[in-house]
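Examination of the molecular architecture
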Amino acid sequence: MHRLSLKIALGGAGACALALAGLAMLDAGPPFWAATAGVLLVGAVTYGVAARLLRHRLAEAYATVEQIHRGDFAAPDARKGRRNRDELEALVRQINETGQGMQLKMHELEHLEHHRREFLGNVSHELKTPIFSIRGFADTLLDGALSDADVRRSFVEKIQHNAVRLGNLAEDLGEVARIETGELTMTIEPFNLRNIVREVTESFEPMAAGLSVTVRQTIGSDLPTVTGDRERIRQVLANLVDNAVKYSKSGGHVEVGARLLPTNQVKVSVVDDGIGIAPEHIQRLTERFFRVDTSRSRSQGGTGLGLAIVKHILGAHGSHLMVESHLDRGSTFGFSLPAVTELPRPQPI
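About the thresholds
Residues numbered from 1 in each chain as written. Predicted model: local features only at pLDDT ≥ 70, side-chain atom pairs only at ≥ 80, totals over all residues. Heavy atoms only, no water. Helix = DSSP H or I, 4+ residues; strand = E, 2+ residues; numbered from the N terminus. Buried < 20%, exposed > 50% of the residue type's maximum accessible area, 1.4 Å probe, protein only. Contact = heavy atoms within 4.5 Å. Areas by Shrake-Rupley, 256 points an atom, 1.4 Å probe, with all protein chains shown as cover. Polar contact = N/O pair within 3.5 Å; in protein donor to acceptor, adjacent residues only side chain to side chain. Expected span 1.5 Å × (residues − 1). Bend = angle between axes of the 7 residues up to and from the residue. Pairing = 2+ DSSP bridges.

1. Some remarks on the overall build of the protein chain
Across its full length, the protein chain holds nine helices and seven strands. In the protein chain, buried positions account for 35% of the 349 residues. Considering only contacts within the protein chain whose residues lie at least 6 apart along the sequence, 74% involve residues at least 24 apart. Taken as a whole, the protein chain presents about 20700 Å² of accessible surface, with 56% of it coming from carbon and sulfur.

2. A word on the side chain of D272
Here D272 shows up in strand β5 (residues 265-272). Taking the relative accessible area as the measure of exposure, D272 reaches 8% and is therefore buried. Only 2.8 Å separates the side chain of D272 from the backbone nitrogen of G274, close enough to count as a polar contact. Setting aside residues up to four positions removed in sequence, D272 forms contacts with A244, S248, H253, V254, R329, G330 and S331.

3. Here we look at helix α5 (residues 193-210)
Over its 18 residues, α5 extends 27 Å from the first C-alpha to the last, a length consistent with the 26 Å expected when each residue adds 1.5 Å. The axis of α5 is deflected most strongly, by about 40 degrees, at F204, and proline P206 appears within four residues downstream. L193, I196, V197, V200, T201, F204 and A208 are the residues of α5 that are buried. Residues of α5 that are buried sit in contact with β1 (189-191), β2 (214-219), β3 (225-228), α6 (230-246), β4 (253-260) and β5. N-cap assignment for α5: the residue whose side-chain oxygen lies 2.9 Å from the backbone N of R194 is N192. At the C-terminal side of α5, S212 shows a positive phi close to 60 degrees.

4. Focus: the pairing of β5
Pairing of β4 with β5 involves seven bridges; the strand directions are antiparallel. In the sheet register, E255 faces β5, and the bridge partner there is V271. Between β4 and the antiparallel strand that follows it, β5, lie four residues; N264 among them carries a positive phi value of about 65 degrees. Note: β5 against strand β7 (residues 330-340), eight bridges, orientation antiparallel. Counterpart to K267 in the pairing with β7 is S336.

Here it is in structure tokens:
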């Protein structure tokens, strides 16, 4: 009876723990009501099954006591008693394992909820800044600044700058959402990487010249064809070159290179001699809205989502972003793609 009482207590405690943990989740708000209902349902069903089996065992125990009082008690089958104990112990283990599993799931949901709130807070902040700027400049113009030609042009340019920033943020948010939900698929096929590097470096030459930064490419003539999504890799490379130019010092250099590795992989590198990144920040570079230099990136239109998009695109290619950096000495960002050593020959028709 002592063992039976202990097992009853354990079973009840496990079920009550599930129910209490589920009730505690009610404070998390509407997104967790469905999870809470599931926790309570599992706890109730588990407790009901345990209670039914325990009532059956208690009835057998009471019947045995009555038989002893009447004097017609016969020793139970040892195998049956052992089987009953094994069933009860298995049930107690199952209740405990269910409780631990549900507790782990609730911790995961709390972690996801924390990231969701942080993401919404970051989005709200990123939207408010350009919106307030646009509103402020527009109100100033309407209050009489329209009559001043110099002020009018300056304020309209600032309104345009913040509107472009809002558009970039909306586009990047949509891109992240499509990638994370699997709606954005990759078209993997052979393409000429040298052409992509040339297109990207040439497109950033005007911007780099305005910041007194030189952009050059160093790619050998024997670079093989690679496989991947051409437009997505172009997007990755453009993001890395854009960051390298923005975070370079006046008179600095940005070099885009590619070389074949012994592993039949082509490694692409974007090297700058800019401000560099502190070691404690490197691991957070691909987090959404994380910025090393907040004032510089925002003033130049950065959304804080570029490297998060790069991370997802490279992940879809089976690659990852490699970063090496030293403060005041510059940074190197790189990734690799599989090389095509021999292209398939066209078949005769």
